[in-house]
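# Architecture and fold: a report
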Amino acid sequence: MEKVSATIQDAKIYKISDLWRRKPWGLRFNDTDAVVVTLRTQDGGTIKETFYFCLKPDGTFNAKTLSKDHGGARRRRLASFLKHYRIADNTDEYNLKEGIKQWKGMEVSVLKVDDSGFIYVP
């Protein structure tokens, strides 16, 4: 694995039902939405990263869940991504629906594994 720089080319919010006919194994009832981030690495490669969460009507999301399953870890990873790259200081009040428009062109770190990779989130 090597850590390289990448630029966000596109970021969109989708309903899970728009991406798949059946919800993939591992996603729970409270994982209703997804942010799909398309990245371009320095060497010209393309990487897609997906964050799962539940979008509230006001455009925000809760990083905390009632259950202690993997859904909470997925939401905390999205919150950590927003904090680490200084997109949002307070993720509870961050309007993801409006804020995602400014993500295009941002520089992020990517851990590259062969031809694929994922966004580095500490």
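The structure reproduced in this document is the subject of the present report.

This part covers the overall build of the protein chain. The secondary structure content of the protein chain amounts to 3 helices and 5 strands. N-terminal to C-terminal, the α/β element order of the protein chain is β-α-β-β-α-α-β-β. Oriented by its inertia axes, the alpha-carbon framework of the protein chain measures out at about 40 × 30 × 25 Å. For the protein chain, the proportion of its 122 residues judged to be buried stands at 43%. In the protein chain, once contacts between residues fewer than 6 apart in sequence are set aside, the share between residues at least 24 apart is 55%. Accessible area for the protein chain stands at about 7,600 Å²; split by element, carbon and sulfur atoms hold 49% of it. If the 22 positive side-chain charges of the protein chain are averaged to one point and the 16 negative ones to another, these points end up 5 Å apart.

Per the counting criterion, the structure on display carries 6 salt bridges. When the shortest N-O distance is used, the salt bridge between Glu49 and Arg77 registers 2.9 Å. One end of the pair, Glu49, is in strand 3 (residues 46-53); the other, Arg77, is in helix 2 (residues 70-84), with 28 residues separating them in the sequence.

As a further point, take the nonpolar core. As a rule of thumb, nonpolar side chains are buried together in soluble globular proteins. Residues Ile8, Val37, Leu39, Phe81, Leu82, Leu96 and Trp103 are the most contacted members of the largest nonpolar core, which totals 29 residues. Taken together, the elements giving at least two residues each to this core come down to strand 1 (2-15), strand 2 (33-41), strand 3, helix 2 and strand 4 (107-113). If we ignore the near neighbours within four places in the chain, the residues touching Phe81 are Ile8, Phe51, Ile87, Trp103, Val108, Ile119 and Val121.

For the rest of this paragraph, the subject is unusual backbone geometry. Although it is not a glycine, Arg86 adopts a positive phi angle of roughly 55°. Relative to the helices and strands, Arg86 resides in the loop between helix 2 and helix 3 (96-99). We classify Arg86 as exposed; its relative accessible area is 74%.

Here the structure, examined in full by the defined rule, presents 5 aromatic pairs. A centroid spacing of 5.4 Å and a plane angle of 55° characterise the contact between Phe81 and Tyr85, whose relative ring orientation is tilted. The residues Phe81 and Tyr85 share a single accessibility class, namely buried. Taken together, the aromatic side chains of Phe51, Phe81, Tyr85 and Trp103 make up a single cluster linked through ring pairs. Lying across the ring of Tyr120, Lys3 places its NZ or CZ 3.9 Å from the centre.

We now examine the side chain of Lys112. Within the fold, Lys112 resides in strand 4. Owing to a relative accessible area of 14%, Lys112 belongs among the buried residues under this scheme. Polar side-chain contacts of Lys112 include one of 2.5 Å to the side chain of Asp43. The residues touching Lys112, leaving out its near neighbours within four places in the chain, are Met1, Glu2, Val4, Thr41, Asp43 and Gly117.

Our focus in this paragraph is a nonpolar patch on the surface. On the surface, Met1, Val113 and Phe118 cluster together into a nonpolar patch covering about 300 Å² of accessible area. Its place among the elements puts Met1 in the segment before strand 1.

Each value, and the rule that gives it
- Residues numbered from 1 in each chain as written.
- Predicted model: local features only at pLDDT ≥ 70, side-chain atom pairs only at ≥ 80, totals over all residues.
- Heavy atoms only, no water.
- Helix = DSSP H or I, 4+ residues; strand = E, 2+ residues; numbered from the N terminus.
- Buried < 20%, exposed > 50% of the residue type's maximum accessible area, 1.4 Å probe, protein only.
- Contact = heavy atoms within 4.5 Å.
- Areas by Shrake-Rupley, 256 points an atom, 1.4 Å probe, with all protein chains shown as cover.
- Lys, Arg positive; Asp, Glu negative; His and termini not counted.
- Charge placed at Lys NZ, Arg CZ, Asp CG, Glu CD.
- Salt bridge = Lys/Arg side-chain N within 4 Å of Asp/Glu carboxyl O.
- Core = buried A, V, L, I, M, F, W, Y, C linked by side-chain atoms within 4.5 Å.
- Phe/Tyr/Trp six-rings, centres within 6.5 Å; stacked < 30°, edge-to-face > 60°.
- Lys NZ or Arg CZ within 6 Å of the ring centre and 35° of its normal.
- Polar contact = N/O pair within 3.5 Å; in protein donor to acceptor, adjacent residues only side chain to side chain.
- Patch = residues over 30% accessible without salt bridge, like charges linked within 9 Å, V, L, I, M, F, W, Y side chains within 5 Å.

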